[in-house]
Amino acid sequence: MREITYVEALREAIRMAMEKDPSVFVIGEDIGVYGGAFGVTAGLIDQFGKDRIIDTPISEAGIAGACVGAALTGMRPIGEMQFSDFVVLAMEQLTLQAAKVRFMFGGKATVPMVMRLAGGSGTGAAAQHSESLEAWFVHVPGLKVVMPSSPAEAKGLLLASIYDDNPVLFFEHKLLYKTKGPVPEEWYTTPLGKSKVVREGKHLTVVATSIEVVRAQQAAEILSKEGIELEIIDPRTLRPLDMEPIVNSVMKTGKVLIVHEAVKMGGFGGEVAAQIAESRAFGYLDAPIRRLAGLDMPIPYNRNLEAHAVPQVENIVDEARNLVKGVY
Amino acid sequence: MVNSQAEGLIGGVFTREKALDLIDTMLLVRSFEENAEEMFSLGKVHGTMHLSIGQEGVAVGTASALRPRHDYLLNVHRGHGHFLAWGGDVNRMMAEFTGKETGYCRGRGGSMHIADVEANNLGAQGIVGGNMPISVGVGLSIKAHQTDQVALCIFGDGASNEGAFHESLNMASIWKLPVIYLCENNAYGMSMSIKKAINVPHISDRASAYGIPGVTVDGNDVVEVYKAMKLAEEYTRSGNGPYLVEAETYRWKGHSKSDKQAYRTRDEVKEWMSKEPIQRFAKVIGMGEEEVEQRRLTAREKIKKAVEFAESSPEPAVKDILEGVYA
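Residues numbered from 1 in each chain as written. Chains lettered and ligands numbered in written order. Predicted model: local features only at pLDDT ≥ 70, side-chain atom pairs only at ≥ 80, totals over all residues. Heavy atoms only, no water.

Regarding empty space enclosed by the protein
Alright, step 1. Under the defined criterion, the tally for this structure stands at 4 cavities of 30 Å³ or more.
Alright, step 2. Its boundaries defined by the atoms lining it, the largest cavity holds a volume of some 90 Å³.
Alright, step 3. Mapped by element, the contributors of at least two residues to the lining of the largest cavity are strand S7 (168-173), helix H8 (211-224) and strand S13 (256-263) of chain A.
Alright, step 4. As for the second largest cavity, its lining consists of A:Gly124, A:Ala125, A:Ala126, A:Tyr301, B:Thr48, B:Gly109, B:Gly110, B:Ser111, B:Met112 and B:His113. (1 Å grid on protein atoms, 1.4 Å probe; cavity = no way out; pocket = protein on both sides within 12 Å on 5 of 7 lines; lining within 4 Å. Points joined across faces, edges and corners; volume = space filled by probe spheres on them. Helix = DSSP H or I, 4+ residues; strand = E, 2+ residues; numbered from the N terminus.)

Here it is, written out as C-alpha cells:
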C-alpha cells in the first residue's frame, strides 16, 4: 500500500468529503493561500475556492460559532483551531452551544461539525502553543473527542467525524504531522467509539493516546528484546470511550499502564483507571494501575526541559519494566 | 525633511542626544532580529519567533514618548523591538531567546513570552489579543494605587478582530482607565491582509464606537509616532481615559519561521522597504550613510557579545523543572 504522511491523509479526507458533498466546507485562520499553519489545507483553495475554504480574521469564537450555525442549518463544517490552545477562545460556542443545542431542543436539531485542533508539545512553541487539552472536552456530554495516532486513522477517523451528526473535537498532534504510514487510497471510515488493539502482548496492557501510541510501540520493540511483551491499546475516540478491549486485555495481563502527553492530574488517564477499577477486570489486577503523563506544569520553552515535561520512549520503557517486574 | 525646527529640536521634538539614542536603539533591534533569524537557520534555537524587521520605528517612537519602567508595558508577540526600547538588557534577552537559565524568564518562556516584571514589562503575548483584557486590570490597579502611571497595551491588526478587543476598549472607556492602546498595524495577521479582515479604512475608526480618541499615524516615521504617542500620553496620564493609536507599518519577514509568503507580492514588500524607518530617521537628523553604518557595527558588536553571554550561560537544570508553577 502507498505510504503518505498524517498531513496528507488529513488533506485527502477533507478533499474526498468536499468533492462528494457540497455541504462540507472548511473555515479557519490562514487555511487558504497559506495552506494552514501545518499545511493540512495546502492547495485546497485552488480546487474549491474561497467560498468553501474560508479564511477568517483572527476570531476563534467566530469560527466555532460559524460552524455551529452552519451545522444547525444543513452544512457539515470543518473548523480549524490553528493551535489547539486557541480553543480556549472558542469554549463557549463549543461547550455551551455545540454540545448542548441538540439536547436542549429535545433532540430535534443536529450539529454535525468537526473542529480540528493542532495540539501537543515538542516544537519549542512554549506554554501557550503546546498544550494537550482533550480532557476538558471529554468532560462535556454532547461532544465527541477523537485523537488519531497514525496516518491511516487520521483519514478514516476524520471522514467518520465529518459524517457523524454530533460535534466532534478532532485532536491532531503536531509531531505526528510528518509521520508516514500506509493509507488506503479509497474512501473509508474508521468508526468512532471503537478502541483498537495496536499490538498484542501478554505481560502488560498499555493504554496510550495520540503520539504516545507511537512512543509505546517503540518502547514495546525495546522491551520485546528483554522478553517483555506489551499489549498496546489505542482508544482513538476518547468520548465515547470503548472500554471493552481494555477490560479484556487487563483481564489477560493483570497489569495496566496508561500513557498520555496531557498533564496527569485531571487527565484522561484518570477516567480510564477509574473505569478499569469499576469493571470486572478489577479482580484480575495483580499490580496497581499506573499512569504515565505530562508533568504537573505548563510546557517550558527550553528544549531539554520541554522533552522532560512529557513521557518519552525511555520513560515508557522504564515504567513498563518496573510494572512487569513487580516494583509497585 | 526638517533639521532645525522649534528651538533647534530635531523634528521639533528631539534633542540631538535623544535622536542618537533612538537611532542606536533601532539599529540594535534590527541587529537583534537579523541575528535571531541567522541563529534560527543555523539550528541554534528551536521553536518559533516573530521578527519585527521594518517595524523598529513604532517601538522606539512609542517608548520614547512614555516613561519606560515606570509605566506598564503589555507587549505583543512580535515584541523584541518594544522589549529593547523599554530598556531591556540585550544579554538577558538573548539568553531567554536561547532558553538559558540567565534569560529574563530563566529559559522557560522564550521569545514569545519574554517579560521583565521588575521593569513593569508584563510580557509578550502568545495569544493574539490576550493582553487586552489584562490591560483593563492594570488600568484599574493604577487607579486604585492613585499613581501617575499609564499602561501601554500593544497589539497587532489581527487582534482588533478578537472579541477581547471590543470588551477591553469598552471597559477601559466606561471606567476612564489610563491605558494607551497601540495597534501596530503591519498589514497582515499571519497571512490575512488587514484589507480583507476589516471593512472600515482604519482600525482607529473603531475608537468612536467607544467614545475615545483614535488616530492613525505613519509607523515608519519615528517623529510622527512620538508626537501621536505624546498626545495620547498627555490625554491618558491626566485622567481622561484610554486612547487608541494605530501605527501603520509593515512586516518585512514572514509571520514566523514556516511562512512561504504566498499571500503577498515581492513588489509590495519592496515598496514598503523603501519606507524603511531607520534610513528615514537618519535623514531627519542629518546623519550620513557612513555614520549609520558605523553605528550599525556598534550595534552588531553588542549583539555578538550578547550571543557570547547566552552561549556561555548554563542550561536550566532538569531537577528544577517544576519550579515556578506555583508561588
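Some words on the layout of surface pockets
One way to see where empty space is left: roll a probe the size of a water molecule over the atoms.
Residue and element names in this part refer to chain A.
Alright, step 1. Counted as a void, the second largest pocket has a volume near 430 Å³.
Alright, step 2. If you go around the second largest pocket, you meet 21 residues; those closest to its centre are Glu-131, Ser-132, Leu-133, Ala-262 and Val-263.
Alright, step 3. When contributions to the lining of the second largest pocket are tallied by element, the ones reaching two or more residues are helix H6 (134-138) and S13.
Alright, step 4. The two domains that each donate at least three residues to the lining of the second largest pocket are domain 1 (3-182) and domain 2 (196-324). (Domains from an automatic or database assignment.)

Description of the environment of A:Tyr163
All names here are of chain A.
Alright, step 1. Among the secondary structure elements, Tyr-163 is positioned in the loop between helix H7 (151-162) and S7.
Alright, step 2. We classify Tyr-163 as partly exposed; its relative accessible area is 27%.
Alright, step 3. For the pair Tyr-163 and Pro-112, spaced 51 residues apart in sequence, the C-alpha to C-alpha distance is 7.2 Å.
Alright, step 4. Contact partners of Tyr-163, with chain neighbours within four places excluded, come to Ala-17, Lys-20, Asp-21, Val-24, Arg-76 and Trp-187.
Alright, step 5. There is a polar contact of 2.6 Å between the side chain of Tyr-163 and the side chain of Asp-21. (Buried < 20%, exposed > 50% of the residue type's maximum accessible area, 1.4 Å probe, protein only. Contact = heavy atoms within 4.5 Å. Polar contact = N/O pair within 3.5 Å; in protein donor to acceptor, adjacent residues only side chain to side chain.)

Re the domain arrangement of chain A
Residues and elements named next belong to chain A.
Alright, step 1. Its domain assignment divides chain A into domain 1 (3-182) and domain 2 (196-324).
Alright, step 2. Spacing between the C-alpha centres of domain 1 and domain 2 amounts to 26 Å.
Alright, step 3. Between domain 1 and domain 2, the residue contacts involve 30 residues of the former and 24 residues of the latter.
Alright, step 4. Carbon and sulfur atoms supply 57% of the area that domain 1 and domain 2 bury against each other, a total of about 2,000 Å² over both sides.
Alright, step 5. Inspection of the domain 1/domain 2 interface yields 2 salt bridges.
Alright, step 6. For the pair domain 1 and domain 2, the number of links is 13 residue pairs in polar contact (both at pLDDT 80 or more).
Alright, step 7. Contributing elements (two or more residues each) for the side of domain 1 that touches domain 2: H6, strand S6 (144-146) and H7.
Alright, step 8. For the side of domain 1 that touches domain 2, the residue count by class is 16 nonpolar, 11 polar and 3 charged. (Buried area = accessible area lost by both parts, 1.4 Å probe. Salt bridge = Lys/Arg side-chain N within 4 Å of Asp/Glu carboxyl O. Nonpolar A, V, L, I, M, F, W, Y, C, P; charged D, E, K, R; others polar.)

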